[in-house]
Amino acid sequence: MRIAVVEDDDGVGDALVDALTEVGHEPVRMRRGTDVLLGHHEMDVVLLDLGLPDMDGLEVLRKLRTLSSVPVVVLTARDDERSVVRALRGGADDYVVKPARLGELHARLQVAARRRHTTSDSAADKLVLGDIVVDLVGRSVEVNGRRAALTTKEFELLANLVTRRGEAVSREQLMDAIWGDAYVAISRTLDVHMTALRSKLDRPGTIVTIRGFGYRWVT
Ligand code: CA
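Quick notes on the rules
- Residues numbered from 1 in each chain as written.
- Predicted model: local features only at pLDDT ≥ 70, side-chain atom pairs only at ≥ 80, totals over all residues.
- Heavy atoms only, no water.
- Axes fitted to C-alpha atoms, helices over the stretch in contact; angles between N-to-C directions.
- Helix = DSSP H or I, 4+ residues; strand = E, 2+ residues; numbered from the N terminus.
- Parallel < 35°, antiparallel > 145°, perpendicular 65-115°, else oblique.
- Left-handed = near helix turned anticlockwise from the far one by under 90°.
- Contact = heavy atoms within 4.5 Å.
- Nonpolar A, V, L, I, M, F, W, Y, C, P; charged D, E, K, R; others polar.
- Core = buried A, V, L, I, M, F, W, Y, C linked by side-chain atoms within 4.5 Å.
- Buried < 20%, exposed > 50% of the residue type's maximum accessible area, 1.4 Å probe, protein only.
- Pairing = 2+ DSSP bridges.

### A few points about the packing of helix α3 (residues 57-67) against helix α4 (residues 81-89)
Then comes step 1: Running from amino to carboxyl end, α3 crosses α4 at an angle of 15 degrees, the nearest separation of the two axes being 10 Å. With respect to their mutual orientation, α3 and α4 come out roughly parallel. Read as a crossing pair, α3 and α4 show a hand that is left-handed. Within the contact between the two elements, α3 uses L58, L61 and R62 and α4 uses S83, R86 and A87.
Then comes step 2: When grouped by side-chain class, the residues that make up the contact of α3 with α4 number three nonpolar, one polar and two charged.

Pasting the structure below:
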């Protein structure tokens, strides 16, 4: 597997690259969050540190999830429950606390890669959903051949729903993924963006409200 090893600490990063190479993988060392946002395309799985020099790993995860469904295993020294929950809600497939036992880490990387491979075809850069085409890389949307002018947040909202289409996505997941937190004030902001998104898509019934929980994309 091609594994993006996103780790700014050379001691840890080099040891991981050596260990993963030894068991037959092709690790690609990256030192900054920006590197993986630009270089995730060829990767089978991403191993993501949270303490990165250019941006927080949770922010990297949030941005990455609007671009790609590549499996992500978080590897970090942060072992508090809040960080774990935020990472998992934000779209991480697994979470391993440093120092990692290499055998276990290897197994978790394989499971994450396999699960994503078998349960999702949403790794495609372009999703065709009826007459709606979502370009996750170019960050644009066409409805019936006509470009829909979405704001950045509206696009992120759409991307979060379509990459998990058919699944019930909770309001908290969306708020965590797009705004980084799930405050009451954000909850109203989510409503405003949802209304705008639905109106711009003009396809009633594609985003179903699940009362008391969240939303589901159904095409
Ligand atoms: Ca670090």
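The discussion continues.
### Side note on the nonpolar core
Then comes step 1: Among the nonpolar cores identified, the biggest contains 28 residues, and V134, V141, L158 and W217 are the most heavily contacted of them.
Then comes step 2: The leading source of residues in this core is helix α6 (residues 152-162), at six residues.
Then comes step 3: With near-sequence residues (within four places) excluded, W217 lies in contact with L129, I132, L158, L161, V162, R165, G166, E167, L201, T206 and I207.
Then comes step 4: One finds A4, V36, L48 and V60 within the second-largest nonpolar core, a separate group that totals 22 residues.

### Quick word on the pairing of strand β6 (residues 126-129)
Then comes step 1: Burial of β6 is one-sided: the residues L127 and L129 facing one way are buried, the residues K126 and V128 facing the other way are not.
Then comes step 2: Pairing of β6 with strand β7 (residues 132-135), which is carried by four bridges, proceeds in the antiparallel orientation. Bridging from a neighbouring strand, L127 pairs with V134 of β7.

### Let's talk about the sheet that holds strand β12 (residues 214-217)
Then comes step 1: Read across the sheet, three strands follow the order β10-β12-β11 without closing on themselves; strand pairing throughout is antiparallel. With one partner strand each, in any of the chains shown, β10 (168-170) and β11 (207-210) form the two edges of the open sheet. Within this sheet the neighbouring strands show an average axis-to-axis angle of 30 degrees, counted without direction.
Then comes step 2: The pairing of β11 with β12 spans four bridges and is classified as antiparallel. Across the sheet, the residue bridging to I210 is G214, located in β12.
Then comes step 3: Sitting on the sheet, helix α7 (residues 171-179) is in contact with β10 and β12, with an inclination near 65 degrees to β10.
Then comes step 4: Contacting β11 and β12, helix α8 (residues 184-201) runs over the sheet at an angle of about 150 degrees to β11.

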